[in-house]
Amino acid sequence: MTRDDARALDAADPLRPYRDRFALPDGVIYLDGNSLGPLPRETAPALADMAERQWGERLIRSWNEGWIDAPQRIGGKIAALIGAEPDEVIVADSTSVNLFKLLVAALRHAAPRTTIVSETGNFPTDLHIAEGATDCVPGARLNAVARADLSTAIDDDTALLMLTHVHYKTAERFDMAAWTTRAHDAGALALWDLSHSVGAIPLDLNAAGADLAIGCGYKYLNGGPGAPAFLFVSRRLQEQLASPLSGWMGHAAPFEFGDAYSPAPGIKRWLAGTPSMLAMVGLEAGIDLWRDVDQQHVAAKSAALFDALAAIGGRLGLECVSPTDPSARGSHISFRHPKAYALCQALIERGVIGDFRAPDVVRFGLTPLYLGFEDIWQAGEILRDVLESGAADDPRFATRAAVT
Ligand SMILES: *Cc1c(COP(=O)(O)O)cnc(C)c1O
């Protein structure tokens, strides 16, 4: 791909107008939107309106002027992106906390079945939270096995199959419908972590028969650092599962101020405490940007960006660890390199922001809403320069920062 080829692809790109809706800094090629989405232009004025008008002027009256319904309203907007009904999704807490709530609820529901089956090498918080959740339910346990052994690990003691749909490191994607069916055939539920899927690839939870799901607001949804997360509970299960974090916001009548807990009907019972409105406003601005986006355009462009960067990496002798089949992956590309951390730092110093995932992976997020083909071309030139000049050998890159 020459620079002119890249420019021609950008000129023909139906998603090109979305780029201007982000405040991207000059001199940066941002290939880390899978870890922290950039700032949408609409977000800063929305945050200012929240602080100055909604909080500053309207004060507590704002709770009845749109705040109290925000978790369900924003959940309904996310539902449209993941193939769910609007009343099956709610925004609350963090991805980790939502996972905890759903795992404990599912384990209690599935008794006498005791086991959560998952994958070794899953995103760490998923396995850590599963350990914590099993500690809360007598007899429960986590069985994490290699991907190749998952199918045989699912048996008549499996309460729940817990999988991350798109792998954070390699971008490998599970066939959601096939694995959900596999779990159901064994009498188990299926829970999907959509953190690296939502806003990255088209999703259809209900077509796949999924039971439960969680996902992240600050990655491809561009909701801001630490944005609230979401959770999905299929209508089939909503009256059967109860949150272990039985807080007043999930109560059937929170403003009756009663002593005894009685869960709200439907999805609202998954709220625990008062939602963080300062954070909600950033999330909603990020989600609203997705309103008219055609997911098929996103998928097609993601595949083309991947092919462009994979070809550049291949010419430079990098080992790609992401699947070549677009239907078998998410929307990032990872290369293995013995000096992956230093390589990543040298690139960041030159304005190409990707990230490092231990022990030896450099990861680049391919976010079709705001990345262009010319960005990929230019990132490729800088990558070639870094590799050929030995810039990664700089001793300044020998020690790792706290966040990689
Ligand atoms: C990013 C990510 C999370 C994040 O969890 P937090 O509670 O927001 O820290 C969880 N799971 C997966 C698979 C992720 O990629």
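The name that an unreviewed UniProt entry assigns to the chain is Kynureninase, with the source organism given as Sphingomonas glacialis. The UniProt entry for the chain carries the following text under Cofactor (unreviewed entry): "pyridoxal 5'-phosphate". UniProt, in the comment section headed Function (unreviewed entry), describes the chain in these words: "Catalyzes the cleavage of L-kynurenine (L-Kyn) and L-3-hydroxykynurenine (L-3OHKyn) into anthranilic acid (AA) and 3-hydroxyanthranilic acid (3-OHAA), respectively."

J.: Is there a simple way to explain the domain arrangement of the chain in this structure?
T.: Here the chain is partitioned into domain 1 (3-40 + 294-398) and domain 2 (46-288). Taking the mean C-alpha position of each, domain 1 and domain 2 sit 29 Å from one another. On the side of domain 2, 21 residues touch domain 1, which itself brings 31 residues to the contact. Considering only the side of domain 1, the residues that lose the most area to domain 2 are Asn34, Gln295 and His332, jointly responsible for 23% of the buried surface there. Linking domain 1 to domain 2 there are zero salt bridges. Across the domain 1-domain 2 interface, the total number found is 14 residue pairs in polar contact (both at pLDDT 80 or more). Among the elements of the structure, helix 10 (295-315), strand 10 (332-336) and strand 13 (361-365) are those that each provide at least two residues to the side of domain 1 that touches domain 2. Among the residues making up the side of domain 1 that touches domain 2, the classes are represented as 15 nonpolar, 13 polar and three charged.

J.: Even after reading the chapter, I still don't get the pattern of salt bridges, so can you show me in this structure?
T.: Summed over the entire model, instances satisfying the criterion amount to 27 salt bridges. The salt bridge involving Asp375 is made with Arg19; its shortest N-O contact spans 2.8 Å. Of this pair, Asp375 sits in helix 12 (residues 373-389) while Arg19 is found in the loop between helix 1 (3-11) and strand 1 (29-30), placing the two residues 356 residues apart along the sequence. On the accessibility criterion, Arg19 (22% relative accessible area) is partly exposed. Note that Glu349 is salt-bridged to Arg396, the shortest N-O span being 2.7 Å. Taken together, the residues Glu349 in helix 11 (residues 340-349) and Arg396 in the segment after helix 12 connect sequence positions 47 residues apart. Taken together, the shared-partner salt bridges in this structure form one network comprising Arg73, Lys77, Glu284, Asp288 and Arg291.

J.: Can you walk me through the packing of helix 3 (residues 70-82) against helix 9 (residues 277-288) in this structure?
T.: For the pair helix 3 and helix 9, interaxial distance at closest approach is 10 Å and the crossing angle is 25°. Looking at the two axes, helix 3 sits roughly parallel to helix 9. Crossing handedness for the pair helix 3 and helix 9: left-handed. For the pair helix 3 and helix 9, contact is made by Ala70, Pro71, Arg73, Ile74, Lys77 and Ile78 and by Met277, Met280, Leu283, Glu284, Ile287 and Asp288, respectively. Here the residues of the contact of helix 3 with helix 9 are counted per class, giving eight nonpolar, no polar and four charged.

J.: Honestly, the UniProt feature "binding site: pyridoxal 5'-phosphate" (unreviewed entry) in the chain in this entry has me stumped. Any pointers?
T.: As annotated by UniProt and renumbered to match this structure, "binding site: pyridoxal 5'-phosphate" (unreviewed entry) occupies Thr95, Ser96, Phe123, Pro124, Thr125, Asp126, Thr164, Asp193, His196, Tyr218, Trp248 and Thr274. Over a stretch of 180 residues, the named residues are scattered through the fold, their C-alpha atoms separated by up to 30.8 Å. Within the annotated group just given, the residues that line the largest pocket are Thr95, Ser96, Phe123, Thr125, Asp126, Thr164, Asp193, His196 and Tyr218. Topologically, Asp126 is positioned in helix 5 (residues 124-135). Residue classification places Asp126 among the buried positions, given a relative accessible area of 1%. With near-sequence residues (within four places) excluded, Asp126 lies in contact with Leu99, Met162, Thr164, Asp193 and Ile214. Within the secondary structure, Asp193 is located in strand 6 (residues 189-193). The exposure class assigned to Asp193 is buried, which follows from its relative accessible area of 3%. Once residues lying within four places of it in the same chain are set aside, the contact partners of Asp193 are Thr95, Asp126, Leu163, Thr164, His165 and Ile214.

J.: Please explain the sheet that holds strand 10 as it appears in this structure.
T.: As a general point, the strands of a sheet are linked pairwise by backbone hydrogen bonds and lie either parallel or antiparallel. Pairing is antiparallel across the open sheet formed by four strands, whose spatial order is 9-10-13-12. If you trace the sheet from one side to the other, it starts and ends with strand 9 (319-320) and strand 12 (355-357), each paired once. Alignment of strand 10 against strand 13, held across five bridges, turns out to be antiparallel. Looking at the pairing, Phe335 lines up with Val362 of strand 13. Strands strand 12 and strand 13 of the sheet are contacted by helix 11, whose axis makes an angle of about 40° with strand 13.

J.: Just to check I follow, could you spell out a nonpolar patch on the surface for this structure?
T.: There is a patch of nonpolar side chains on the surface, built from Trp55, Leu59, Ile60 and Leu278 and spanning about 460 Å² of accessible area. Note on placement: Leu59 falls in the loop between helix 2 (43-57) and helix 3. Residue class for Leu59 comes out partly exposed when judged on its relative accessible area of 48%.

Rules used in this analysis
Residues numbered from 1 in each chain as written. Predicted model: local features only at pLDDT ≥ 70, side-chain atom pairs only at ≥ 80, totals over all residues. Heavy atoms only, no water. UniProt positions renumbered as here; feature names shortened; annotations may be inferred. Domains from an automatic or database assignment. Contact = heavy atoms within 4.5 Å. Buried area = accessible area lost by both parts, 1.4 Å probe. Salt bridge = Lys/Arg side-chain N within 4 Å of Asp/Glu carboxyl O. Polar contact = N/O pair within 3.5 Å; in protein donor to acceptor, adjacent residues only side chain to side chain. Helix = DSSP H or I, 4+ residues; strand = E, 2+ residues; numbered from the N terminus. Nonpolar A, V, L, I, M, F, W, Y, C, P; charged D, E, K, R; others polar. Buried < 20%, exposed > 50% of the residue type's maximum accessible area, 1.4 Å probe, protein only. Axes fitted to C-alpha atoms, helices over the stretch in contact; angles between N-to-C directions. Parallel < 35°, antiparallel > 145°, perpendicular 65-115°, else oblique. Left-handed = near helix turned anticlockwise from the far one by under 90°. 1 Å grid on protein atoms, 1.4 Å probe; cavity = no way out; pocket = protein on both sides within 12 Å on 5 of 7 lines; lining within 4 Å. Pairing = 2+ DSSP bridges. Patch = residues over 30% accessible without salt bridge, like charges linked within 9 Å, V, L, I, M, F, W, Y side chains within 5 Å. Areas by Shrake-Rupley, 256 points an atom, 1.4 Å probe, with all protein chains shown as cover.

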